[in-house]
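# A closer look at the structure
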Amino acid sequence: MKTIAILNHKGGTGKTTSTSNIGAGLARLKKKTLLIDIDPQANLTEGLGIRDTDVSIYNAIRDDRYKTPLPIIELSEYLHLVPSSLDLLGAELELVSRSKRESILEKLLEDVKWDYDYVIIDCPPAMGLLTLNALVPSDSVLVPLEAEFYAYKGIDRLISIIENVQFNFNPKLYIGGVFITKCNSQRVLTENIKTSVKKHFGDKLFDTSIRVNVALAEAPVTGKDIFQYAPNSNGAIDYSNLVDEILMKV
Ligand SMILES: Nc1ncnc2c1ncn2[C@@H]1O[C@H](COP(=O)(O)OP(=O)(O)OP(=O)(O)O)[C@@H](O)[C@H]1O
Ligand SMILES: [Mg+2]
């Protein structure tokens, strides 16, 4: 059983797209996978076709007696989802006075995680209490970096935050890898970014980059993952390769 948080403080770097398609890719290989949406935007939940859920992760998180289990939706035999909802927006403030507020998700996962080969958590683009709750139960962090000049900004800070969580809350946490998303191989910029990320992260940088592919943006509108929506697309090929690397390296 491995728990992986998909994290980048910057918005729109492909966290949700990656969570959904890495999860679907693992499930295709018959790895039993639980996806957790801990972002109030609920993009992962909606992108997998779940709209207007009655209960979400919020109901479980807010129950300070831990009587409400994590709601789990079975998307398919091997792919399950804990959905999010907009209610979660208030959670950070509501939890301020709660004891052990950084390990609420960890406690909720204790009961269910052993049913899975992988638990993958889609983090919000922020470094608050929800993200901390994602990092505390995780074994590793995967960082999707957008192939843009500014993508690199703040990454040192991100790493020091992860180290801080490791030191204070979760000694087993490590950076499992970094991968480049929305990559356009025709652009010199992308090559420059790859070179500098490689310098910085060495073999933490995955060989696979995710190319810009419109099918990846279209799939969630239909509630499907890339393997269902466009199995022959570059998006499906790239995420399938990324999943192979994750299975080998993380
Ligand atoms: N490889 C890609 N090719 C084309 N579009 C992509 C690709 N990856 C992601 N997108 C699109 O870019 C946008 C941002 O992606 P996504 O929602 O996965 O990022 P995010 O990091 O989860 O964002 P947020 O920080 O808001 O949670 C979405 O519209 C998504 O469909
Ligand atoms: Mg997202």
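Notes on the structure follow. (Residues numbered from 1 in each chain as written. Chains lettered and ligands numbered in written order. Predicted model: local features only at pLDDT ≥ 70, side-chain atom pairs only at ≥ 80, totals over all residues. Heavy atoms only, no water.)

### Here we look at the overall build of the chain
Defined as follows: Runs of H or I in DSSP of at least four residues are treated as helices and runs of E of at least two as strands, each being numbered from the N terminus. As a reference, a globule follows 2.2 Å times the number of residues to the power 0.38, and the radius of gyration itself is taken over C-alpha atoms. Any residue under 20% of the maximum accessible area for its type is buried, any over 50% is exposed, and the rest in between are partly exposed; the area is computed with a 1.4 Å probe on protein chains only. Here, two residues are considered to be in contact whenever any of their heavy atoms come within 4.5 Å of each other. All accessible-area figures derive from a Shrake-Rupley calculation using a 1.4 Å probe, and residue coverage is judged against the displayed protein chains alone. A residue counts as positive if it is Lys or Arg and as negative if it is Asp or Glu; His and the chain ends are not included. Here the site of a charge means NZ on Lys, CZ on Arg, CG on Asp, or CD on Glu.
Along its length, the chain carries 11 helices and seven strands. On C-alpha atoms alone, the chain measures out to a radius of gyration of 17 Å, which is about the 18 Å that the 2.2 N^0.38 rule sets for 250 residues. For the chain, the spread of C-alpha atoms along the three principal axes comes to 55 × 40 × 30 Å. Per-residue burial for the chain yields a buried fraction of 52% across its 250 residues. The long-range fraction of contacts in the chain, counting pairs at least 24 apart against all pairs at least 6 apart in sequence, stands at 79%. Carbon and sulfur atoms provide 50% of the accessible area of the chain, an area that totals close to 11,700 Å². Here the chain contributes 28 positive and 32 negative side-chain charges, whose respective centroids are spaced 4 Å apart.

### What about the site of ligand 1?
Note the threshold: For each residue, the test is whether any non-hydrogen atom lies within 4 Å of the molecule or strand; if one does, the residue is near. Pairing of N or O atoms within 3.5 Å defines a polar contact, subject to two protein rules: one partner must be a possible hydrogen donor and the other a possible acceptor, and residues neighboring in sequence count only if both atoms are side-chain atoms. Charged means Asp, Glu, Lys or Arg here, nonpolar means Ala, Val, Leu, Ile, Met, Phe, Trp, Tyr, Cys or Pro, and polar covers whatever is left, Gly included.
Close to ligand 1 lie 18 residues; Lys15, Thr16, Thr17, Arg211 and Asn213 are nearest. The contact in question runs from an oxygen atom of ligand 1 to an N or O atom on the side chain of Thr17, over 2.5 Å. Within the side chain of Gln41, an N or O atom sits 3.2 Å from an oxygen atom of ligand 1. Coverage of ligand 1 by the protein amounts to 80% of the 630 Å² it exposes when considered alone. At three residues, helix H1 (residues 15-28) tops the list of elements feeding residues into the shell around ligand 1. Tallied by class, residues from the shell around ligand 1 come to five nonpolar, eight polar and five charged.

### Some thoughts on the sheet that holds strand S6 (residues 140-146)
What counts here: Two strands are counted as paired when DSSP detects at least two bridges linking them. Here an angle of 0 to 180 degrees is reported between the N-to-C directions of two axes, which are lines fitted to C-alpha atoms, with helices fitted over the stretch in contact.
Taken in spatial order, the seven strands of this open sheet run S3-S4-S2-S5-S1-S6-S7, and their pairing is mixed. Strand pairing shows two members of the sheet lacking a second neighbour, strand S3 (73-74) and strand S7 (174-181), which therefore form its edges. Bridge count for strand S2 (residues 33-37) against strand S5 (residues 118-122) is five bridges, and the pairing is parallel. Directly across from Leu34, in S5, lies its bridge partner Val119. The strands touched by helix H8 (residues 188-201) within the sheet are S6 and S7, with S7 carrying the most contacts at an inclination of about 175°.

### A closer look at the pattern of salt bridges
Selection rule: Salt bridges, as used here, are contacts in which a Lys or Arg side-chain nitrogen is within 4 Å of a carboxyl oxygen on Asp or Glu.
Taken as a whole, this structure holds five salt bridges when the rule is applied. Among the ionic pairs, Lys249 bridges to Glu245, the shortest N-O distance being 2.4 Å. Of the two residues, Lys249 and Glu245 are both situated in helix H11 (residues 234-249); the distance of four residues between them amounts to about one turn of the helix.

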